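What the coordinates show
Residues per chain are reported as follows:
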Amino acid sequence: MQRYKVYGMSCAACVSRVEKAVNKVSGVKECNVNLLTSSMQIKGSASAEKVMAAVKDAGYSAEVLEDRKSVEKSNTEDEILKDTETPLLIKRLVTSLVFLLALMYFSMGHMLHLPLIPFFRENLTGSALMQLLLSLIIIIINRKFFINGAKGLIHSSPNMDTLVSLGAGISFLWSTVCLFLMTKNLAEGNLLAVKSLYHNLYFESSAMILTLITVGKTLETRAKGKTTDAIKSLIKLNAKTATVIRGGITIEIPIDEVQVADIFTVMPGENIPVDGIVIEGNSAVNEASLTGESIPSDKEINSKVYSGTLNLNGFLKCKAIKVGKDTVLNQIIQLVSDASSSKAPIAKLADKVSGIFVPSVILISLVTFFVWYFICHDLSYSLTRAISVLVISCPCSLGLATPVAIMVGSGKGARNGILFKNAESLENAGKANVVVLDKTGTVTKGECEVTEIEAFVEENELLQNALDLETKSEHPLAKAVVKYLSEKGFTAGDVLNFEAKGGKGVSACKVSGEKKVSLYGGNLKYIGENLNLSSDDKEKLSKRVEFYAKQGKTPLIFAQKTEGLSYKISGIIVTSDSLKEDSSEAVDLLKKLKLKVVLLTGDNKFAAKETARKLGIDEVYAEVLPDEKLSVIKKLQTSGGGKGQKVIMTGDGINDAPSLTQSDTGIAISNGSDIAMEASDVVLMKNSIKKVASCIVLSRKTLTNIKENLFWAFIYNAAGILFASGCFVKLTGVTLSPMLSALCMSLSSFCVVTNALRLNFVNINKVKGSKKNDCLQNCTNSDKVLNRGNIICENNLVCGGINMTKTIKIKGMMCPRCEAHVKEALEKIDGVVSVQPSHENENAVVEISKDVADDLLKDAVTAAGYEFLGVAD
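Predicted, not measured: the structure shown is a model, and the values here were computed from it.

Another aspect to go through is the overall build of the chain. The helix and strand tally for the chain stands at 33 helices and 33 strands. Here the chain holds 873 residues, and the buried ones make up 51% of them. Sequence-distant contacts, at least 24 apart, represent 68% of the contacts inside the chain between residues at least 6 apart. Total accessible area on the chain is roughly 40200 Å²; 55% of this is exposed by carbon and sulfur atoms.

Structure follows, in structure tokens:
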């Protein structure tokens, strides 16, 4: 993708013109121009020279945006982000206001009973000449409107500046004609005509239009600057220097000079300069800039650290693994920048309107002039109405309606560890009906561990063969086996012809004496496909697999076949992967958002159903191979009626690549080490699916904000043009002067930008709605009646409008610190909403949202180091 900076654009009409011109260039597949950032993204093989030539022919200029690394070498981040436009606008505004006040004194001072300079007291022609000079000075100060407007007309692409320059220019030219007629009548001695013509002067209107538009532009630019605060704050996290050790000497060098494999040190209170791995020391590091999570992350030897995060309390010596544009922080900055510069599908309507908006307004203005002249035969009044139409029309607000919301929304997401790769993904996430969750590593920790070993041969033989076989596998279950056996002191041997079948198992062979031994490991189906199992073995293995699977565990079957001999089942190694602490809460949040939640996994159906039961997920697809997940996503997309359903797929971004790509929005969960997951549309920097709900909330809020902006822009322009043209004069008696029209126009874009900034104050981690109340409406069974009128229904939810409480007796709490330990332990239990412990009363009041067994409460209290005395009646 090529990125360009475009100069000279002032409104949505400019955007439309540039896009049309560039899309005609051979080799351009797609062109997106962003008014807010004055940037352009191009997909295709067109050369930069052809693209820039097309932009120039359209009346604008462009330059290629260099690679971020190159930019960093030639400019500091502050220079890149420095707002150069606002200071210039403020200077123009202040100067214009000074001369405008003087102009208003000469044009309207007599109406305000201000003391006039004696020379101009009865000298109307002299006063008119002074007004001409002052308004001419203001026109020169704001000549940019006329230059850009003229360029637009020359290239047959009129824009907002064209409308402003036409309105101000016509007022000025009409007033100049009146001034020359005044001098003619003065020479003829017709003082009555001179006085009449003096009242038809609109020099102050011309100057006021330009000044008020500049006021609006200044407010708009300042507000637009705030929409880039997220990117600015991220870039400022980049360290300027790094302390490295070279040749045994500690030196401080510019950040650009740090190389991969350099050893660098970080003192407490310093930002980590580049991505690295800890080789000495331990500390707590605040990674909120990456994950949005305020709780510090503990770092020790072999832990990874990331650029822009803050070292809190310990000394760290690290080895650089990623520098420059390759660091996680710089990749985040690039993603946010790309998302902000891209265009959302909802913007297409505004783009179509913008393409014909300005010519239509000019036509309406001409019609207004002729209609009013035909009605009242008053040239001055007719011009006033036509000028008002020109000035009040605002294509700028149309052009800003979508990009400002996208900019603020993507920035809000970045601050919360949610990275949207483009504007389309930010829009689509909120339209989803179904959320599909992968199991391993998504709802579970992905940190499998060996729990049982069942050997059918000598145990060491089973374990050695398993280690030899699984060492070359990248599967999480294989890694768990390798880690367990390595810690037991086993060493992997060499194997030949290693082959992995995704989602099924692995095979290899090794030489034992003079014979070749084939090794197999995987699920029961895989073993059956490779070995001709007897009916007794099939039945025996099936029962053992089902026994472990019903406990939510994953059994791996190992077998071997020696050349010339029959197969031999070596045994079963059982692994288990526990749920993440917040997975249940995350599923609850998704259900509150009225989303259908589906579990999709390659694991066996018993383990999958057990996981789904714990999480409250009703629909499960188990024993699905990676390439088969694609079919499941397609099936979900085509179900749910004629229009189908919008599906979000959430996975790790690697094994789930086909399904992530097929889904309407693919969300990849990252642990912060790799965000370049090409298959996904959204990357979550925190390894938690709670952020999926936050992502959807943010998308919905942003989409609502865009619709509000577009509604305002369309309604404002429609109503403004009708009032300015005088359509409601007889009905309401209200007319808009050119000056008042200019004021309305100048504030319209400011209102759009300000509305978008409201997104910064949205709490995306808070989900409205109550699954409890929804359940109450849908449930008819009353399996178990609890205290305070609550009911545990068939969905294992507390219904009845209020949560129930249990008071448990605890011995051993001595102080508030003890209370904190008990509270922390109990609140980790799924279904516990809040805990209020009291060491004085020796109890804890536990509020629960569903039935929680007393044994779970007891285990939590005991694990915290206190004595559980029972539940109070």
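So, about the side chain of T265. Considering the arrangement of structural elements, one finds T265 in strand β7 (residues 263–266). If sequence neighbours within four positions are ignored, T265 has contacts with T243, I245, E270, F315, L316 and K317.

Attention now goes to the environment of V647. Locating V647 in the fold gives a position in strand β24 (residues 647–651). In this structure, the C-alpha to C-alpha distance between V647 and V434, residues 213 residues apart in sequence, is 4.8 Å. Those residues in contact with V647 that sit more than four places away from it in its chain are V434, V436, I633, L636, Q637, S663, D664 and T665.

What follows concerns the sheet that holds strand β18 (residues 505–512). The strand order across the open sheet formed by 6 strands is β16-β21-β20-β19-β18-β17, and the pairing between neighbours is antiparallel. Looking along the sheet, the strands with just one partner apiece sit at the ends: β16 (449–455) and β17 (496–501). The sheet shows a mean angle of 20 degrees between the axes of neighbouring strands, direction not considered. Here helix α21 (residues 476–487) sits on the sheet in contact with β16, β20 (554–562) and β21 (567–576), set at roughly 75 degrees to β16.

A negative phi angle characterises most non-glycine residues, just as the trans form characterises most peptide bonds. The backbone of H377 shows a phi angle near 55 degrees, a positive value even though the residue is not glycine. Looking at where H377 falls in the secondary structure, it is placed in the loop between α15 (348–376) and α16 (379–392).

Relative to the 21 Å expected for 15 residues at 1.5 Å per residue, helix α23 (residues 535–549) spans 21 Å between its end C-alpha atoms, a close match to the ideal helical length. Turning to α23, its buried residues are L541, V545, Y548 and A549. Mapping the buried residues of α23 onto a view down its axis gives an arc of 95 degrees, with all of them on the same face. In α23, the exposed residues that point more than 90 degrees away from the buried face are S535, D536 and K543. At its buried positions, α23 is contacted by β16, α22 (524–530), β20, β21 and α25 (605–615).

Now for the side chain of N311. On the secondary structure map, N311 appears in strand β12 (residues 310–311). We classify N311 as buried; its relative accessible area is 0%. A polar atom in the side chain of N311 sits 2.5 Å from the side chain of S283. Within the structure, the side chain of N311 is placed 2.6 Å from the backbone oxygen of G314, a separation counted as a polar contact.

On to the pattern of salt bridges, then. Evaluation of the coordinates by the stated rule reveals 21 salt bridges. Of the charged contacts, one joins E280 and K317 as a salt bridge, the two residues approaching to 3.4 Å between their closest N and O atoms. Here K317 lies in strand β13 (residues 316–322) and E280 lies in strand β8 (residues 275–280), a separation of 37 residues in the sequence. Residue D468 is joined to K510 by a salt bridge in which the shortest nitrogen-to-oxygen separation is 3.0 Å. Residue D468 is located in helix α20 (residues 459–470), and its partner K510 is located in strand β18; the two are separated by 42 residues in the primary sequence. Both residues of the pair, D468 and K510, belong to the buried class.

Read from one edge to the other, the open sheet built from 7 strands follows the order β14-β26-β25-β24-β15-β22-β23, with strand pairing classed as mixed. Each end of this open sheet is capped by a strand with a single partner; those strands are β14 (418–420) and β23 (619–621). The average angle at which neighbouring strand axes cross in this sheet is 20 degrees, direction not considered. Both strand β25 (residues 665–669) and strand β26 (residues 682–684) contribute to a ladder of 3 bridges, which runs parallel. Within the sheet, the bridge partner assigned to I669 lies in β26 and is L684.

Our focus in this paragraph is the environment of K24. As for its position among the elements, K24 is in the loop between α1 (12–23) and β2 (28–34). Put simply, K24 and V51 are 27 residues apart on the chain and 9.6 Å apart in space, counted from C-alpha to C-alpha.

Counting buried positions along strand β22 (residues 596–600) gives 4 out of 5 residues, so the element sits mostly inside the fold. For strand β15 (residues 434–438) and β22, the ladder comprises 5 bridges, and the chain directions are parallel. Of the residues in β22, the one forming a bridge with D438 is L600. In this structure, β22 lies alongside β23, joined through 3 bridges in parallel fashion. Looking across to β23, one finds that L599 is bridged to V620. Crossover handedness for the path β22 to α25 to β23: right-handed.

In this section: the packing of aromatic side chains. Tallied over the full model, the rule gives 8 aromatic pairs. On the basis of an interplanar angle of 80 degrees and a centroid distance of 5.3 Å, the ring pair of W372 and Y381 is categorised as edge-to-face. Ring pairing ties together the aromatic residues F369, F370 and Y373, which thus form one cluster. Between the NZ or CZ atom of R92 and the centre of the ring of F145, over which it lies, the distance is 5.2 Å.

On to α20, then. For α20, spanning 12 residues, the distance from its first C-alpha to its last is 16 Å, which sits close to the expected 16 Å at 1.5 Å a residue. Buried within α20 we find L462, L463, N465, A466, L467, D468, L469 and E470. The distance from a side-chain oxygen at the start of α20 to the backbone nitrogen of N460 is 3.1 Å, and the residue carrying that oxygen is E458.

Take the pairing of β13 next. Direction of pairing for β7 relative to β13: antiparallel, over a ladder of 4 bridges. Directly across from I263, in β13, lies its bridge partner K319.

Our next topic: the confidence of the model for the chain. Mean pLDDT over the chain: 82, with 90% of residues reaching 70 or higher. Per-element confidence in the chain ranges from a low mean pLDDT of 36 for strand β27 (residues 784–785) to a high of 95 for β7. Across residues 67–78, confidence stays below pLDDT 50; counting only partners more than four residues off in sequence or on other chains, it has 19 contacts. Note that residues 770–802 has pLDDT below 50 and, in this model, 65 contacts with residues that lie over four places away or in other chains.

Criteria and cut-off values
Here the residue index of a chain counts from 1 through its sequence in written order. Owing to the predicted nature of the model, reporting of local features is limited to residues with pLDDT of at least 70; listing and counting of side-chain atom pairs is limited to 80 or more, with chain, interface and lining totals taken over all residues. As a rule here, side-chain values come from all non-hydrogen atoms in the structure, and water together with hydrogens is ignored. Counting from the N terminus, the helices are DSSP H or I runs at least four residues long and the strands are E runs at least two residues long. Note on exposure labels: buried denotes an accessible area under 20% of the residue type's maximum, exposed denotes more than 50%, and partly exposed covers the range between, all computed with a 1.4 Å probe on protein chains only. In this description, contact between two residues means that some pair of their heavy atoms is separated by no more than 4.5 Å. Per-residue and other accessible areas follow the Shrake-Rupley method at a 1.4 Å probe size, with only the shown protein chains counted as cover for residues. Note: two strands are recorded as paired if DSSP finds a minimum of 2 bridges between them. Orientation is described by axes fitted as lines to C-alpha atoms, over the contacting stretch for helices, and by angles from 0 to 180 degrees between their N-to-C directions. One less than the number of residues in a helix, times 1.5 Å, gives the span that helix is expected to have. Directions pointing from the helix axis toward each C-beta atom define the arc. Identification of polar contacts relies on pairs of N or O atoms within 3.5 Å, with a donor-acceptor requirement for protein atoms, meaning one able to donate a hydrogen and the other able to accept it, and with residues adjacent in sequence counted only if both atoms are side-chain atoms. For salt bridges, the criterion is a side-chain nitrogen of Lys or Arg within 4 Å of an Asp or Glu carboxyl oxygen. The path from the first strand over the helix to the second decides the hand: if it runs clockwise while the strands point away from the viewer, the crossover is right-handed. Side-chain rings of Phe, Tyr and Trp (the six-membered ring for Trp) are treated as a pair once their centres are within 6.5 Å; stacked means planes under 30 degrees apart, edge-to-face means over 60, and tilted covers the remaining angles. Here, over-ring charges are defined by two tests on the NZ atom of lysine or the CZ atom of arginine: distance to the ring centre within 6 Å, and angle to the ring normal within 35 degrees. Residue-level confidence of the predictor, termed pLDDT, takes values from 0 up to 100.

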